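A structural walkthrough
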Amino acid sequence: MAIINLKINGKAHSVDVEEDTPLLWVLRDHLGLVGTKYSCGVAQCGACTVHRNGEAMFSCITPAASLTEDEITTIEGLSENGDHPVQKAWAEVDVAQCGYCQAGQIMNASAFLAKNQTPSMEEIDEAMNRNICRCGTYHKIREAVAMAAKSK
Amino acid sequence: MATLTKASRRDFLKIAGTTAGGLFIGFNWMSCDSPKMEVLSNEEVLANAQKFNAYLSIAPSGDVVIYSPNPELGQNIKTSFPMVVAEELDADWSRVRVIQANLDTDQYERQLTGGSGAMPHSWERLRKAGATAKYLLVAAAAKKWEVSADELSTSEGIIYHKASGKKIGYGEVANDAALLTAPEEVTLKDKKDFKIIGTPVKNVENAAIFTGEPLFGLDFYREGMLHAMIQRAPFGMKIKSIDDAAARNVAGVKDVVTFENSVAVVGTSTWPLMKAKKLLKVEYEADGKVESSADHDEIFKDLLANGKAEVKREDGNVNSAFKNAAQVVTAEYQCPFLSHSPMEPMNFFAHVQADKVELIGPTQTPESARRAAAEVTGIAPENISVEITRLGGGFGRRLRADYVAEAVHVSKMMNAPVKLTWSREDDLTGGAYRPAVRYRFDASLDADGNMTGYKLRGVGMNAGNSTREHNFPSGAVENLLIENVNYNSSITTNAWRAPITNFLAYAEQSFLDEVALAAGKDPIAFRLELMEKAKANPVGGELRYDVDRMIGVTKTAAEKSNWGKNPNVKQGFSVYFSHRTYVAQVADIEMENGTPTLKKIHVVTDCGMVVNPTGADHQVRGGVVDGMGHAMYGNLTFEGGLPTQTNFDKYRLIRMKEVPAVDTYYVDSGFDPTGLGEPCLPPTGGAIANAIFSATQRRLRSQPFIEQKEFTDLNLGIKRA
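Residues numbered from 1 in each chain as written. Chains lettered and ligands numbered in written order. Predicted model: local features only at pLDDT ≥ 70, side-chain atom pairs only at ≥ 80, totals over all residues.

**Observations concerning the overall build of chain B**
To be explicit about the condition: The numbering of helices and of strands both runs from the N terminus, where a helix is a DSSP run of H or I of at least 4 residues and a strand a run of E of at least 2. Only the C-alpha atoms count toward the radius of gyration. The rule for a globule is 2.2 Å times the residue count to the power 0.38. Exposure criterion: with C-beta atoms placed from backbone coordinates, a residue whose C-beta has 20 or more other C-beta atoms within 10 Å is buried, one with 12 or fewer is exposed, and one in between is partly exposed.
Regarding its fold elements, chain B presents 18 helices and 28 strands. For chain B, whose C-alpha radius of gyration is 28 Å, the value lies close to the compact-globule estimate of 27 Å for 721 residues. Residues classed as buried in chain B amount to 56% of the 721 residues present.

Below is the structure:
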């Protein structure tokens, strides 16, 4: 076991876990931040996406111990009132079916749009291809990303 | 550890599971056209509310609480059910809060998500629940004002007396109304007066979903609970020996327990258990058939040729039809096993105590969850409670309660509250799958290209009846024989979104295209000829499908897709009736830079009245994407009783770049609403395969397409039109 110091959503946290514990399980089991989802555990589906210094990252394969110098943002910390332009677009387009993958989709989309503020539809498709939605909400995800890009 | 928030977390479902009303808390940008309201918790609202019936309570504040009994897994029932109640109540939708009801067999019937049956089953019940409450509220106001109820009208939660100009909110008469006796019969609205039904109402849980609130079973946490993960035996095998020494040495592991054919590692958090599970050394030995996909291929061929079949339907005399045929068309179609793979893996919370069991988690059928717990513990069902969380998908997998029983076993053995979590690998390898099926079709044609005989023989691996013997084209062919052979496999199967028809529709609609081609007829004209025949003079008497509605979607699809009008667009057609709903689809392929490119799928649906257009579009597009994804990529093969594909790196699910445009249309047939969770999936594979044939003359007779030699060098492009 080891004490790991993390900065998550602007706050300092200290957890006592095995050193190889992925950030995902630190968030979910030790910090109660369960908006970040477990689905595949092998960086294939994107449900666990968080921001590491603003970049989208799969938290399921990244040991928390490797992130002590980084600013981590989870879905709970993306905005104060759930009003990040991407969250607003997601609500306006009414994107979710089951909703399980959507936090990861939103985190990926928000990191992508921070870097590319005027994306083409092809670029949106390319960026969002790393997240799986088993319900098949892809049309609405695409529409919402485009809407969020315009609203910025 | 000072900053750990865990200690301050409460039993979240008491809060989060009941805060659909949270929609309005801090999210004014989502409800900008709603009036500002005082924010009360659901508990505060309910403390003073009057309960009118199982679905509905109204508080003096005017807040309306609607209980949604059926599990929500993405079919949007938690929004559409309350819409129906609110419609007949004439409620102000912005004052409606929705609460997921617990299992309650006294108050609700069919508290289940499956078979696309919730809406048709509950449509009238929900309407009556709203209408009855409205009747009582109006009666209470009439009594208060000493006027006749006939003089009053209602709108958005307010009762009006036009003559006097008086008005009063529902909340203000709720207490009086609740004292009145509910009428036996109540008048329902004329559909043309609907104000909420038929409008695009947003998902009531959007805000919670998009901010990561704990909603799902896997998010559940209770102080002091243990975590568990389980190692299961391959299909057809049993445990021979267990060496758990290394697993027990992992920090955070409390115990390793064994029950039936399972080994459970139990501890204080999830990650140590994932590691410990890999360190378990469990030896297995055969306990039945240990199967592999190569064996299945041989079994299919053998049983199609020699299997003892059960005759499901027989009309006329197929032998004489085929003997006298001018032409015979024969083809075989095969599909693999598939995993349900909902994004949220299986999980459940169980707390077994001396005389009661508490169950919380994602289930499509809470009653089965209760039954499973009763079987494991011997505790009477009335002492077993089931709280239903939001489900991160289901697709039929959560109709089985195997994972609930597991959680109950471990809780009982550990004498503690336990949350069981399946890994993705557990989900893929311990599944209950869409059965693998192989079909052989034979059709006989006369000299004019009329289909005089039709034979279908299905062989399924634990598929039960792999046919739908009374569905189209039954009733349209004079001589018909439909037979089924079931193979008892040791691999567990289960309902998978649109059971059986998820592949049968593809096979049948592809084969009918082959027959139309042999007959020299346009694929749609050929099917319409058959439908007209079934309509005019149905073979075998009564039809089990409404041929007019089938003709309706077929003709509309031809019109909307501009069928056959543009020589540059190669099209494929498919139509199917399942789960009370009629769906026709046309896939468009265009040549782009020398390669065929799938650009669009047109979908025409007759599900009766559309309750929520946004929700309907979700189910239609989702069904198409699901149907396409699994037809193209889905493949679960077995080796030694275990699936070869154990995670999403090998088990391929459809992604963003692989989805064409999907245009949706609805035929308003005037019928009451039917379900949409399943029926849009079955026709998709056939529409795409038929378009591929039209564009390339290559016939895909097996799924997944990417494994077929006819497909691999096509370089099929996918691009939104």
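**A word on the overall build of chain A**
Looking only at helices and strands, chain A features five helices and five strands. Its helices and strands taken in sequence order, chain A reads β-β-α-β-β-β-α-α-α-α from the N to the C terminus. A globule of 152 residues ought to have a C-alpha radius of gyration of about 15 Å, and chain A, at 15 Å, matches this closely. Summarising its shape, the C-alpha atoms of chain A cover approximately 45 × 30 × 25 Å along the three principal directions. Burial status across chain A gives 63% buried among its 152 residues.

**A few points about the domain arrangement of chain B**
It is common to report an interface's size as the accessible area lost on association of the parts. All names here are of chain B. The line we're drawing: Boundaries of every domain are those given by an automatic assignment or by a domain database. Residues are defined as contacting one another if the C-beta atoms placed from their backbone atoms lie within 7 Å. Gly is put with the polar residues, along with every residue not named as nonpolar or charged; the nonpolar set is Ala, Val, Leu, Ile, Met, Phe, Trp, Tyr, Cys and Pro, and the charged set is Asp, Glu, Lys and Arg.
Considered domain by domain, chain B is made up of domain 1 (6-210), domain 2 (217-287 + 346-421) and domain 3 (437-718). For domain 1 and domain 3, the distance between their C-alpha centres works out to 39 Å. Each partner contributes to the interface: domain 1 provides 20 residues, whereas domain 3 provides 21 residues. Elements with a minimum of two residues in the side of domain 1 that touches domain 3: helix H2 (77-89) and helix H3 (118-145). By residue class, the composition of the side of domain 1 that touches domain 3 is nine nonpolar, nine polar and two charged.

**A word on the UniProt feature "domain: Aldehyde oxidase/xanthine dehydrogenase a/b hammerhead" (unreviewed entry) in chain B**
What counts is decided by this rule: UniProt positions are given in the numbering used here, feature names are shortened, and annotations may be inferred rather than shown by experiment.
The residues that UniProt annotates with the feature "domain: Aldehyde oxidase/xanthine dehydrogenase a/b hammerhead" (unreviewed entry) are residues 211-288 of chain B. As annotated, residues 211-288 of chain B comprises 18% helix and 42% strand, and the C-alpha atoms at either end are separated by 48 Å.

**Details of the interface of chain B and chain A**
Residue-level contacts link 59 residues of chain B with 56 residues of chain A. Among the elements that take part in the side of chain B that touches chain A, helix H16 (residues 613-632) of chain B stands out by supplying six residues, more than any other. Taken together, the residues of the side of chain B that touches chain A break down into 27 nonpolar, 18 polar and 14 charged.

**Brief notes about the sheet that holds strand E20 (residues 451-461) of chain B**
Paired through backbone hydrogen bonds, the strands of a sheet run either parallel or antiparallel to each other. Residue and element names in this part refer to chain B. The cut-off we apply is this: Strand pairing is defined by DSSP finding a minimum of two bridges between the two strands. Note on geometry: axes are C-alpha line fits, over the in-contact stretch for helices, and angles between N-to-C directions span 0 to 180 degrees.
Spatially, the five strands line up as an open sheet ordered E13-E21-E20-E19-E14, and their pairing is mixed. Of all strands in the sheet, those with a lone pairing partner are strand E13 (310-315) and strand E14 (327-335), marking the two edges. Shown here is a sheet whose adjacent strand axes are inclined to one another by a mean of 10°, direction ignored. Relative to strand E19 (residues 437-445), E14 runs antiparallel, the two being bridged by nine bridges. Bridge pairing in E19 links glutamine 334 to arginine 438. Taken strand by strand, helix H13 (residues 501-519) contacts E14, E19 and E20, and its axis lies near 155° from that of E14.

**So, the nonpolar core**
Residues and elements named next belong to chain B. Counted only if it meets this: Defined on buried residues, the nonpolar core groups Ala, Val, Leu, Ile, Met, Phe, Trp, Tyr and Cys residues joined through C-beta atoms within 7 Å.
In terms of nonpolar packing, the biggest core is built from 264 residues, with Leu137, Leu359 and Val404 touching the most fellow members. In terms of residues, this core owes the most to one element, H3, which gives 12 residues. Not counting residues within four places of it along the chain, the set of residues in contact with leucine 359 comprises Phe348, Phe349, Ala350, Ala369, Ala373, Ile384, Ser385, Val386 and Val404.

**Observations concerning the domain arrangement of chain A**
Residue and element names in this part refer to chain A. According to the domain assignment, chain A consists of domain 1 (2-77) and domain 2 (85-151). For domain 1 and domain 2, the distance between their C-alpha centres works out to 21 Å. Of all the secondary-structure elements, those providing two or more residues to the side of domain 1 that touches domain 2 are strand E3 (49-52) and strand E4 (55-58). Considering every element that reaches the side of domain 1 that touches domain 2, the biggest residue donor is E3, with three residues. A breakdown of the residues in the side of domain 1 that touches domain 2 according to their chemical character gives six nonpolar, six polar and two charged.

**Some thoughts on the pairing of strand E12 (residues 281-286) of chain B**
Moving residue by residue along a regular strand, the side chains alternate between the two faces of the sheet. All names here are of chain B. Burial within E12 is sparse, with just zero of its six residues counted as buried. Relative to E12, strand E9 (residues 237-243) is paired through six bridges, and the arrangement is antiparallel. Paired with serine 241 across the two strands is glutamate 283, which belongs to E12.

**Comments concerning helix H10 (residues 366-377) of chain B**
Residues and elements named next belong to chain B. In plain terms, the rule: One less than the residue count of a helix, multiplied by 1.5 Å, gives the span that helix is expected to have. For this quantity, the arc is that covered by the directions from the helix axis to the C-beta atoms.
If you check H10, its first and last C-alpha atoms are 17 Å apart, about what 12 residues at 1.5 Å a residue would give, namely 16 Å. Of all the positions in H10, only Pro366, Ala369, Arg370, Ala372, Ala373, Val376 and Thr377 are classed as buried. Along the axis of H10, the buried positions cluster into a sector of 160°, meaning they face one direction only. Elements that come into contact with the buried residues of H10 comprise strand E15 (347-352), strand E16 (357-361), strand E17 (384-388) and helix H11 (402-414). Positioned one or two residues after H10, glycine 378 has a phi angle of 75°, which is positive.

**Digging into the sheet that holds E16 of chain B**
All names here are of chain B. Taken together, the seven strands give an open sheet; going across it, the order is E10-E11-E8-E18-E15-E16-E17, and neighbouring strands pair in mixed fashion. Either end of the sheet is taken by a strand with one partner, and the two such strands are strand E10 (253-259) and E17. Taking the axes of each pair of neighbouring strands and ignoring which way they run, one obtains an average angle of 20° across the sheet. Here helix H7 (residues 270-279) sits on the sheet and contacts strand E8 (226-232), E10, strand E11 (262-267) and strand E18 (418-421); the angle it forms with E8, its principal contact strand, is near 25°. Each of E15, E16 and E17 touches H10; the most contacted strand, E17, lies at about 145° to it.

**Some thoughts on helix H4 (residues 170-179) of chain B**
Residue and element names in this part refer to chain B. Considered for burial, the residues of H4 that qualify are Tyr170, Gly171, Val173, Ala174 and Ala177. All buried residues of H4 project into a common sector of 150° when viewed along the axis, lining one side. Of the surrounding elements, those touching the buried residues of H4 are strand E1 (50-53), strand E2 (56-58), H3 and strand E7 (166-169).

**Regarding the environment of aspartate 297 of chain B**
Residues and elements named next belong to chain B. Here aspartate 297 shows up in helix H8 (residues 293-306). Residue aspartate 297 is classed as partly exposed on the basis of its C-beta count, with 13 C-beta atoms lying within 10 Å. Measuring from C-alpha to C-alpha, the distance between aspartate 297 and glutamine 334 comes to 9.4 Å, with 37 residues separating the pair along the chain.

**Quick word on the environment of threonine 595 of chain B**
Residue and element names in this part refer to chain B. Examined against the element boundaries, threonine 595 turns out to sit in strand E24 (residues 595-606). In sequence terms threonine 595 and phenylalanine 194 are 401 residues apart; their C-alpha atoms lie 49 Å from each other. Ignoring anything within four residues of it in the chain, the contact list for threonine 595 reads Asn715 and Gly717.

**A closer look at the environment of alanine 534 of chain B**
Residues and elements named next belong to chain B. Tracing the chain through its elements places alanine 534 in helix H14 (residues 523-536). Residue classification places alanine 534 among the buried residues on the basis of 22 C-beta atoms within 10 Å. Alanine 534 sits 149 residues away from proline 683 along the chain, and the two C-alpha atoms are 20 Å apart. In this structure, alanine 534 is in contact with Gly475, Ala476, Leu543 and Val547, ignoring residues within four places of it in sequence.

**Some words on the pairing of E10 of chain B**
Residues and elements named next belong to chain B. Both E10 and E11 contribute to a ladder of six bridges, which runs antiparallel. Bridging across to E11, valine 253 finds its partner in glycine 267. The antiparallel pairing of E10 with E11 creates a hairpin that spans two residues between the two strands, and glutamate 260 there sits at a positive phi of about 45°.

**Here we look at the packing of H14 of chain B against helix H15 (residues 547-560) of chain B**
Relative orientation and spacing of two packed helices are given, respectively, by the angle between their axes and the distance between those axes. All names here are of chain B. Which entries qualify depends on this criterion: Each angle is binned into one of four classes, with values under 35 degrees roughly parallel, values over 145 roughly antiparallel, values of 65 to 115 roughly perpendicular, and all other values oblique. Handedness of a crossing follows from how the near helix is turned relative to the far one, being left-handed for an anticlockwise turn of less than a right angle and right-handed for a clockwise one.
For the pair H14 and H15, the least separation of the axes is 10 Å and the interaxial angle reads 160°. It follows from the interaxial angle that H14 and H15 lie roughly antiparallel. The interaxial crossing formed by H14 with H15 has left-handed handedness. Only Val547, Asp548, Met550, Ile551, Thr554 and Ala558 of H15 make contact with H14, whose side of the interface consists of Ile524, Arg527, Leu528, Met531, Ala534 and Lys535. Taken together, the residues that form the contact of H14 with H15 break down as eight nonpolar, one polar and three charged.

**Considerations on the confidence of the model for chain B**
Quick reminder of the rule: pLDDT gives the predictor's per-residue confidence on a scale running from 0 to 100.
Per-residue confidence for chain B gives a mean pLDDT of 94; residues scoring 70 or more make up 95%. For this predicted complex, the interface score ipTM comes out at 0.98, alongside a pTM of 0.95.

**Quick notes on the packing of H2 of chain B against H3 of chain B**
Residues and elements named next belong to chain B. Running from N to C, H2 and H3 point in directions that differ by 35°, and their axes come no closer than 6 Å. The crossing of H2 and H3 is right-handed. Contact with H2, carried on its side by Ile77, Ser80, Phe81, Val84, Val85, Ala86, Glu87, Glu88 and Leu89, involves Ala118, Met119, Ser122, Trp123, Leu126, Arg127, Ala129, Gly130, Ala131, Ala133 and Lys134 of H3 and no other residues of that element. By residue class, the composition of the contact of H2 with H3 is 13 nonpolar, three polar and four charged.

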